[in-house]
Amino acid sequence: PGRLETPEPALDVAFALQKLHVLETPIETIKGVITHNGSLTYSPGIWANDPVEYSSPVFPFFGDAELNRASMNMYRVWLEYCQEQGIIPFPGSFEGPGLKLVQRERGDDAMVLYGLSKFLLFQGDRGAAEELWPLIEFSAASVLRHTTTEGIVASETDEMEGRYPTGKANLSTSALAYGGYRQAARLAQALGKPAAAEFDQRADALRQGIESYFGAEVEGFKTYRYYQGNTTLRGWILLPLAMGITERQEATVAALMSDKLWPHRLAGGDILAESTRPTEWGRETYYALRVLFKAGHTEDALELTRRVVQAQVFGSKGPYPDEDAIDMLCPGSLYPRVFTEGMFGIVPTGLDSFECTPWLPKAWPRMALRDLRAFGRAWDLVVERAGDQQQITVRSGGKTLMTGSGPAGKTYSLTVPVGSKSPSIR
């Protein structure tokens, strides 16, 4: 389950390879079988960024019951800690055979709010969502606790764990909190929780805070500064775009595509974490590819995806993209999301509903995601060329659930009720 079909087999094979690598990550621990980062160096270990923010939102697409159960057990480790120890500090990682708390105060609450809410929506399991809803509340409460008078979210560092300066508040944490609030609001709606309106209000306020606090001209681009006093471009300026914040979209895309941030892009190299340092951070590369598709830069995104795949999956260090030869999940698990959330533009809106904004490359007659298992059922999403329009078809169980046509960038919405009722389409 969960296959990519395009006219370019290399992209499809790379998708399959990263999926199979993800399926290798469940491991038996004292807390049961959980997903973890992989490798013997950090075995077992779970972080709020790698398996939570980056990876879990794609797990439900693959329809593997053990993987989904292992993901639930992973999140139960966070839930159990918060229930027993509270949210000060909010836990960021549990490492070693004893799964002891190690990392904290990296904006982990925002990572969990975003990753968990999206995972639960895509999984489409109401019982699972109800069980882990308290963890949504814990993470949202922690984010609110860290919200400053400037309307952004403070954290001591970010997922770079002190490798680079981040000030008292960084763009990554606030952007993830914004995305987390939006997705948590959709989950609350689906579960009939009263928190939906409040989460959306917090997201609205945070979006304004991000613009006023982080919006800036940096190295000639009217994009975002990463923290107060920051004067260099940082790779994570892409995160607002990934979360649906578009106020500075084109300038941010231009910065990402510049030699300042991505000097080795034509060779399939990774984006720089910071413009003035040589450190490349693979996770930002796959986020960047997704963002380029979301922003409608389809041809640039496709060409760079080809180059990255050739260099990183089929190159000398392949087949699994890996920053330090110790992670199974990251950054390779972000590659399928380049397509599910980027090229096909799938965004969950409920436990049985989603929006999609597909971007079919000009030279392709068709692309498809086959036998997807998100929302707890098997379905296909097919996009075909129809003159200068795109024809969109969603099928499940031999039935057509949705068909529509329009220009590239048009958003389609689909709700499939439980049972035999007809789907709602708009």
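Check the entry above for the structure.
Quick notes on the rules
- Residue numbers run consecutively from 1 along every chain, following the written order of its sequence.
- Per-residue local features of the predicted model are confined to residues with pLDDT of at least 70, and side-chain atom pairs are confined, for both listing and counting, to 80 or more; whole-chain, interface and lining totals are unaffected and use all residues.
- Only hydrogens and water are set aside when side-chain values are computed; all heavy atoms of the structure are taken into account.
- Helix and strand assignments come from DSSP, with helices taken as H or I runs of at least 4 residues and strands as E runs of at least 2, each series counted from the N terminus.
- Strand pairing follows a simple DSSP-based rule, namely that at least 2 bridges must link the two strands.
- To get an axis, fit a line to the C-alpha atoms, keeping to the stretch in contact for a helix; angles then go from 0 to 180 degrees between the N-to-C directions.
- A contact between two residues is defined here by any heavy atoms of the two lying within 4.5 Å.
- Each residue is assigned to one of three classes by its accessible area relative to the maximum for its type, calculated with a 1.4 Å probe on protein chains only: buried under 20%, partly exposed between the two thresholds, exposed over 50%.
- Counted as a polar contact is a pair of N or O atoms within 3.5 Å, where, for protein atoms, one must be capable of donating a hydrogen and the other of accepting one, and residues adjacent in sequence contribute only when both atoms are in side chains.

**Student:** Pulling in residues and values, what's your account of unusual backbone geometry?
**Tutor:** Cis peptide bonds are those with omega within 30 degrees of zero, and the linkage from I88 to P89 qualifies with 0°. Here P89 is to be found in the loop between α3 (65-85) and β5 (93-95). The omega torsion across G318 and P319 is 5°, close enough to zero to call that bond cis. Inspection of the secondary structure assignment puts P319 in the loop between α11 (298-312) and α12 (335-343). A positive phi angle is found at E105, which is not glycine, with a value near 55°. Along the polypeptide, E105 turns up in the loop between β6 (100-101) and α4 (108-123). If you check the backbone angles, F375 has positive phi at about 70° while not being a glycine. Relative to the helices and strands, F375 resides in the loop between β11 (366-372) and β12 (379-386).

**Student:** Please give an account of the sheet that holds β11 that cites residues and values.
**Tutor:** Judged by pairing direction, the sheet is antiparallel, and its five strands sit side by side in the order β1-β11-β12-β13-β14 without closing on themselves. Looking at the sheet topology across the chains shown, the edges are occupied by β1 (3-5) and β14 (399-406). Averaged over all pairs of adjacent strands, the angle between their axes in this sheet comes to 15°, without regard to strand direction. Of the pairings in the sheet, the one linking strand β13 (residues 389-396) to β14 comprises seven bridges and is antiparallel in character. Residue Q390 lies in a different strand from β14, and its bridge partner there is G406. Helix α1 (residues 9-23) rests against β1 and β11 of the sheet, and its axis sits at about 175° to β1.

**Student:** Before we move on, could you go through the side chain of E341 and cite the residues and values that matter?
**Tutor:** Note that E341 resides in helix α12. A relative accessible area of 4% means that E341 is categorised as buried. Side chain to side chain, E341 and K118 meet in a polar contact 2.9 Å long. Within polar-contact distance, the side chain of E341 engages the side chain of R337 at 2.7 Å. Ignoring anything within four residues of it in the chain, the contact list for E341 reads P57, Y114, K118, F122, R290, K294 and I346.

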